[in-house]
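Chain by chain, the residues run as shown.
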Amino acid sequence: MIKLIACDLDGTLLYKGKTITEKNLAAIAAFVAAGGIFVICTGRFTQSGELTARLLGLNNSHIYADGCVIKSPLKEPDYLFGIDEDLIQKIAAYLVNSDIDLELYDDKYFYVENMSPFVENHARVLGVPPFCDELVPEVGSFTNLFGQKRQWIKAVAIMDTKQKKAIITQMQNDFAGLLNFSPAHGTASDGTDLLYCNITHPSVSKGNALKLLLKDLKKLPQEAMAIGDSFNDQTMFEVAGTRIAMANAHPDLLALADHIVSSVENSGVAEAIDKLV
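Residues numbered from 1 in each chain as written. Predicted model: local features only at pLDDT ≥ 70, side-chain atom pairs only at ≥ 80, totals over all residues. Heavy atoms only, no water.

## Notes on the pattern of salt bridges
Turning to step 1, where the next piece is worked out: Throughout the structure, instances matching the rule amount to 10 salt bridges.
Turning to step 2, where the next piece is worked out: In this structure, the salt-bridge partner of Lys3 is Glu223, at a minimum N-O distance of 3.0 Å. Here Lys3, found in the segment before strand 1 (4-7), pairs with Glu223, found in the loop between helix 6 (206-217) and strand 11 (224-228); they are 220 residues apart in sequence, far enough to count as distant.
Turning to step 3, where the next piece is worked out: Looking at Lys3, the relative accessible area reads 31%, which means it is partly exposed.
Turning to step 4, where the next piece is worked out: According to the relative accessible area criterion, Glu223 is buried, its value standing at 13%.
Turning to step 5, where the next piece is worked out: The structure contains a network of salt bridges with shared partners spanning Asp8, Lys206 and Asp233. (Salt bridge = Lys/Arg side-chain N within 4 Å of Asp/Glu carboxyl O. Helix = DSSP H or I, 4+ residues; strand = E, 2+ residues; numbered from the N terminus. Buried < 20%, exposed > 50% of the residue type's maximum accessible area, 1.4 Å probe, protein only.)

And the structure:
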């Protein structure tokens with residue numbers, strides 16, 4: 001019996017970045033009303049992911065930033081896995097002349113040096129603007145952020161060309177064992193295919209976070225269902241007893257799925273709940 005659903009947001013529950021279909025809303029509400037636990041499991045950082053948690057009326061703990069943070073609304077995090085500031089500085093230095101858009105995230109906000117079209121697009125999707133410090137909603141130099149005892153949780157590199165992706169591949173080799181690199185696909189407002197690479201602590205993944213949450217809630221893996229569409233959902237699939245891929249999912253995830261449901265715009269999450277719970 002499925003007692004907990006771990007669900008990705010973008011491309012799974014959220015259509016075009018923000019929209020949740022009425023069928024999905026109704027199915028989730030019915031699952032929760034029957035005693036089920038619906039867990040958001042997203043690459044989005046806390047402030048952005050909690051917008052959806054509030055929309056769904058969910059007060060339980062959720063998984064944010066690819067597993068960096070496990071947190072319930074209006075409370076301090078249950079778990080937070082950060083990156084040392086010296087590594088954050090090295091990430092910024094590595095990409096400084098690469099023409100790759102870089103976003104740095106602490107436990108509250110995200111920061112950029114340049115408000116590029118790709119950053120603007122990502123901010124619209126997240127529903128949260130970037131900051132250069134905790135008071136001024138502007139962009140600025142990353143060096144101004146360091147030495148202030150921030151709790152850094154991740155960096156995100158945004159790419160649109162093979163050349164830029166090759167830089168991240170080399171970076172992954174150079175930082176092997178020190179950082180985890182988790183890719184997810186997106187689309188710019190002009191239709192450009194984008195790759196978002198989440199850079200986190202090496203122990204971080206959606207799957208590891210789901211293991212912790214299941215243990216805390218005293219639920220068994222076979223009582224959990226994971227629903228996703230992208231690379232960073234694979235580790236969830238390794239943990240949950242039931243694995244659901246959206247029709248629009250990446251081929252690698254489709255190959256791992258127990259069931260394939262309709263695409264995000266056609267309420268695949270509701271289909272999974274109605275048929276399998």
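## Quick look at the side chain of Asn24
Turning to step 1, where the next piece is worked out: Checked against the element boundaries, Asn24 lands in helix 1 (residues 22-33).
Turning to step 2, where the next piece is worked out: Among the residues examined, Asn24 registers a relative accessible area of 0% and is labelled buried.

## Re the confidence of the model for the protein
Do not read the fine detail of predicted coordinates wherever pLDDT is low.
Turning to step 1, where the next piece is worked out: Overall, the predicted model of the protein reaches an average pLDDT of 92, with 96% of residues at or above 70.
Turning to step 2, where the next piece is worked out: In this model residues 133-138 is a low-confidence stretch, pLDDT under 50, and it forms 12 contacts with partners more than four residues away in sequence or in other chains. (pLDDT = per-residue confidence, 0-100. Contact = heavy atoms within 4.5 Å.)

## With respect to the layout of surface pockets
Turning to step 1, where the next piece is worked out: In this structure, the largest pocket encloses a volume near 910 Å³.
Turning to step 2, where the next piece is worked out: Surrounding the largest pocket, 36 residues form its lining, Asp10, Gly11, His185, Gly186 and Thr187 being those nearest its centre.
Turning to step 3, where the next piece is worked out: Secondary-structure elements contributing two or more residues to the lining of the largest pocket are helix 4 (117-126), strand 8 (152-159), strand 9 (180-187) and strand 10 (193-200).
Turning to step 4, where the next piece is worked out: Residues that form the lining of the largest pocket fall into these classes: 11 nonpolar, 14 polar and 11 charged.
Turning to step 5, where the next piece is worked out: Taken as a whole, the second largest pocket spans an internal volume of roughly 320 Å³.
Turning to step 6, where the next piece is worked out: Along the walls of the second largest pocket sit 18 residues, with Leu95, Val96, Ile100, Glu113 and Phe142 positioned nearest its centre.
Turning to step 7, where the next piece is worked out: For the lining of the second largest pocket, the secondary structure elements donating two or more residues are helix 3 (85-94) and strand 6 (101-106). (1 Å grid on protein atoms, 1.4 Å probe; cavity = no way out; pocket = protein on both sides within 12 Å on 5 of 7 lines; lining within 4 Å. Points joined across faces, edges and corners; volume = space filled by probe spheres on them. Nonpolar A, V, L, I, M, F, W, Y, C, P; charged D, E, K, R; others polar.)

## Regarding the environment of Gly11
Turning to step 1, where the next piece is worked out: Mapped onto the fold, Gly11 is located in the loop between strand 1 and helix 1.
Turning to step 2, where the next piece is worked out: The spatial distance from the C-alpha of Gly11 to the C-alpha of Ile88 is 28 Å, given a sequence separation of 77 residues.
Turning to step 3, where the next piece is worked out: Sequence-distant contacts of Gly11, defined by excluding residues within four places in its chain, comprise Asp229, Met246, Asn248 and Val264.

## Quick word on the sheet that holds strand 2 (residues 37-40)
Turning to step 1, where the next piece is worked out: Pairing in this open sheet of 5 strands is parallel, and the strands run 2-1-11-12-13 from one edge to the other. The outermost strands of the open sheet, each flanked by one partner alone, are strand 2 and strand 13 (259-261). Direction aside, neighbouring strands of the sheet carry axes that sit 20° apart on average.
Turning to step 2, where the next piece is worked out: Where strand 1 meets strand 2, 4 bridges bridge the pair, whose relative direction is parallel. Residue Cys7 lies in a different strand from strand 2, and its bridge partner there is Ile40.
Turning to step 3, where the next piece is worked out: Seen against the sheet, helix 6 touches strand 1, strand 2 and strand 11 and runs at an angle of roughly 160° to strand 1. (Pairing = 2+ DSSP bridges. Axes fitted to C-alpha atoms, helices over the stretch in contact; angles between N-to-C directions.)

## Here's the deal with helix 3
Turning to step 1, where the next piece is worked out: Those residues of helix 3 not exposed but buried are Leu87, Ile88, Ile91 and Ala92. Buried residues of helix 3 fall within an arc of 140° about the axis and therefore sit on the same side.
Turning to step 2, where the next piece is worked out: If you follow the buried residues of helix 3, they end up packed against strand 6, strand 8, helix 5 (162-174) and strand 10. (Arc of directions from axis to C-beta.)

## Considerations on the pairing of strand 1
Turning to step 1, where the next piece is worked out: Residues Leu4 and Ala6 of strand 1 are buried on one face, and the alternating residues Ile5 and Cys7, pointing to the opposite face, are buried as well.
Turning to step 2, where the next piece is worked out: Relative to strand 11, strand 1 runs parallel, the two being bridged by 4 bridges. In the strand pairing of strand 11, Ile5 is matched with Met225.

## Here we look at the nonpolar core
Turning to step 1, where the next piece is worked out: Within the largest apolar cluster, 45 residues are counted, with the highest numbers of intra-cluster contacts made by Ile5, Leu13, Phe38, Leu56 and Ile227.
Turning to step 2, where the next piece is worked out: Sequence-distant contacts of Leu56, defined by excluding residues within four places in its chain, comprise Leu13, Ile20, Leu25, Ile28, Phe38 and Ile40.
Turning to step 3, where the next piece is worked out: Among the nonpolar cores identified, the runner-up in size contains 26 residues, and Leu95, Phe146, Ala157 and Ile168 belong to it. (Core = buried A, V, L, I, M, F, W, Y, C linked by side-chain atoms within 4.5 Å.)

## Some details on the pairing of strand 12 (residues 242-246)
Turning to step 1, where the next piece is worked out: With 4 of 5 residues buried, strand 12 lies mostly within the body of the structure.
Turning to step 2, where the next piece is worked out: The sheet contact formed by strand 11 and strand 12 spans 4 bridges and is parallel. Of the residues in strand 12, the one forming a bridge with Met225 is Thr242.
Turning to step 3, where the next piece is worked out: Read from strand 11 through helix 7 (residues 234-239) to strand 12, the crossover connection turns out right-handed. (Right-handed = clockwise from strand over helix to strand, strands pointing away.)

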